[in-house]
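# Examining the three-dimensional arrangement
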Amino acid sequence: MIDGTYKALWLANAGVEREPLSFPPAYSHLFFTTEDAEDEGDKIEIPLPNVKSQVLNKVIEFCEHHLQEPMTEIEKPLKSQVMADVVQKWYADFVDVEQVLLFELILAANYMDIKPLLDLTCATVAGMIKGKTPEDIRQTFGIQNDFSPEEEAQVREENKWCEEA
């Protein structure tokens, strides 16, 4: 419902046809940098050409749920690699997606300046890295090691302090 404290927004993306969304004024800086702009009545259209339809639908799903049930704050450092131990079940299930979609959600959350979604998605990636060796991380994310054995030994020696911490 749109009232005096919420603003109606149409998120424009080919392939996504939704009713206008209403957000509190402090929800996203992207949404509300347009607040002072001239618009047609209360309608503000925000073009999102860099956000794929599937990703935008997930972002909208997140925002709608977050307005109804705010996510608990994510403790730093992460207390667990399991997101269900860090946030409510719905949020943990929300980020239980393929890596490609997870990284697209990170980019969309960053582009749209939606801090709770950015925190959740980045924490998920941090959980995927937590406690793993460089080799395990490379395997998890499909990263090819382009160091020669000598270069890798040199980098390890130069950064020995990281492993001691």
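What counts, and where the lines are drawn
Residues numbered from 1 in each chain as written. Predicted model: local features only at pLDDT ≥ 70, side-chain atom pairs only at ≥ 80, totals over all residues. Heavy atoms only, no water. Helix = DSSP H or I, 4+ residues; strand = E, 2+ residues; numbered from the N terminus. Buried < 20%, exposed > 50% of the residue type's maximum accessible area, 1.4 Å probe, protein only. Contact = heavy atoms within 4.5 Å. Areas by Shrake-Rupley, 256 points an atom, 1.4 Å probe, with all protein chains shown as cover. pLDDT = per-residue confidence, 0-100.

## Brief notes about the overall build of the protein
Assigned secondary structure in the protein consists of 8 helices and 3 strands. In the protein, the order of α-helices and β-strands from amino to carboxyl end is β-β-α-β-α-α-α-α-α-α-α. Out of the 165 residues in the protein, the part that is buried amounts to 35%. Within the protein, counting contacts between residues at least 6 apart in sequence, those at least 24 apart form 59% of the total. If you sum the accessible surface of the protein, you get close to 10600 Å²; carbon and sulfur atoms cover 53% of it.

## With respect to the side chain of E152
For E152, the location among the structural elements is in helix α7 (residues 149–158). Apart from the residues within four sequence positions on either side, E152 is in contact with E135, R138, N145 and F147.

## Considerations on unusual backbone geometry
Of the consecutive residues K76 and P77, the connecting peptide bond is found in the cis state with omega at 0°. Tracing the backbone shows P77 in the loop between α2 (53–68) and α3 (89–94).

## Overview of the confidence of the model for the protein
Taken residue by residue, the protein gives an average pLDDT of 79. The fraction at 70 or more is 70%. Model confidence for the protein, summarised as mean pLDDT per element, is weakest for strand β1 (residues 7–12) at 50 and strongest for α3 at 97. Here residues 1–8 scores under 50 on pLDDT; set against residues more than four positions off or in separate chains, the count is 20 contacts. Counted against residues more than four places away or in other chains, residues 32–37, with its pLDDT under 50, gives 9 contacts.

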